[in-house]
Amino acid sequence: QVQLVEFGGGLVQAGGSLRLSCAASGRTFSSSAMGWFRQAPGKEREFVAGIRRSGGTTYYADPVKGRFTISRDNDKNTVYLQMNSLKPEDTAVYYCAAKSDTYYRGTYYYTQGSNYDYWGQGTQVTVSS
């Protein structure tokens, strides 16, 4: 069992930055792929960024490439999402998710929320124009 808790959401002006953190409990963090997803009001949940267990491979959705950076610290059981140059369209509840990562399954696999087993409660990010 893995429990995930997100931190760092808030209100920021367009062009600003935020760093989200997701702290994981349990001893399986270092063997888990981690993902960040978001859901805006009236929209479906969408993939934002993902990182494999070693941290050596990362994935990004096109709308955030070049602006967001995902990273992890396996010693601290924490995954981060650094968000720069924020836009009003980035406003959403951001969720982190975990998935046991025993072998590589292809890029598409890590972008699909249905493949993740554990989810945090979410943290609100609001970007004002």
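So, here's what we can say about the structure. Predicted, not measured: the structure shown is a model, and the values here were computed from it. (Residues numbered from 1 in each chain as written. Predicted model: local features only at pLDDT ≥ 70, side-chain atom pairs only at ≥ 80, totals over all residues. Heavy atoms only, no water.)

## Looking at the packing of aromatic side chains
Inspection of the entire model under this criterion finds seven aromatic pairs. Arranged with centres 6.2 Å apart and planes meeting at 20 degrees, the rings of Tyr-104 and Tyr-110 form a pair that is stacked. Note on Tyr-104: relative accessible area 46%, which makes it partly exposed. A network of ring pairs unites the aromatic residues Phe-37, Phe-47, Tyr-116 and Trp-119 as a single cluster. Taking NZ or CZ as reference, Arg-72 lies 4.5 Å from the ring centre of Phe-29, over its face. (Phe/Tyr/Trp six-rings, centres within 6.5 Å; stacked < 30°, edge-to-face > 60°. Buried < 20%, exposed > 50% of the residue type's maximum accessible area, 1.4 Å probe, protein only. Lys NZ or Arg CZ within 6 Å of the ring centre and 35° of its normal.)

## Some remarks on the nonpolar core
Generally speaking, a soluble globular protein has its nonpolar side chains buried in company with each other. Judged by nonpolar contacts, the single largest core of 36 residues is most densely connected at Trp-36, Leu-81, Met-83 and Tyr-94. At the level of secondary structure, the elements contributing two or more residues to this core comprise β3 (18-24), β4 (32-39), β5 (46-51), β7 (68-73), β8 (78-83), β9 (92-100), α1 (107-110) and β11 (123-128). For this core, the leading source of residues is β9, giving five residues. (Core = buried A, V, L, I, M, F, W, Y, C linked by side-chain atoms within 4.5 Å. Helix = DSSP H or I, 4+ residues; strand = E, 2+ residues; numbered from the N terminus.)

## Description of the state of the cysteines
By the definition in use, this model includes one disulfide. Paired by a disulfide, Cys-22 and Cys-96 hold their sulfur atoms 1.9 Å apart. Measuring handedness by torsion sign, the sulfur bridge of Cys-22 and Cys-96 sits at about 40 degrees and is right-handed. Separated by 74 residues along the polypeptide, Cys-22 in strand β3 and Cys-96 in strand β9 bring together distant segments of the chain. In terms of burial, Cys-22 and Cys-96 fall into one category: buried. (Disulfide = S-S within 2.5 Å.)

## Some points on the pattern of salt bridges
It is possible for side chains of opposite charge to pair when their charged atoms get near one another. A full pass over the atoms with the stated rule returns six salt bridges. Note that Asp-90 is salt-bridged to Arg-38, the shortest N-O span being 2.9 Å. In this pair, Asp-90 is assigned in the loop between β8 and β9 and Arg-38 in strand β4, connecting sequence segments 52 residues apart. As far as the burial class goes, Asp-90 and Arg-38 line up, both buried. Of the charged contacts in the structure, one is a salt bridge between Lys-99 and Asp-117, with a shortest N-O distance of 3.4 Å. (Salt bridge = Lys/Arg side-chain N within 4 Å of Asp/Glu carboxyl O.)

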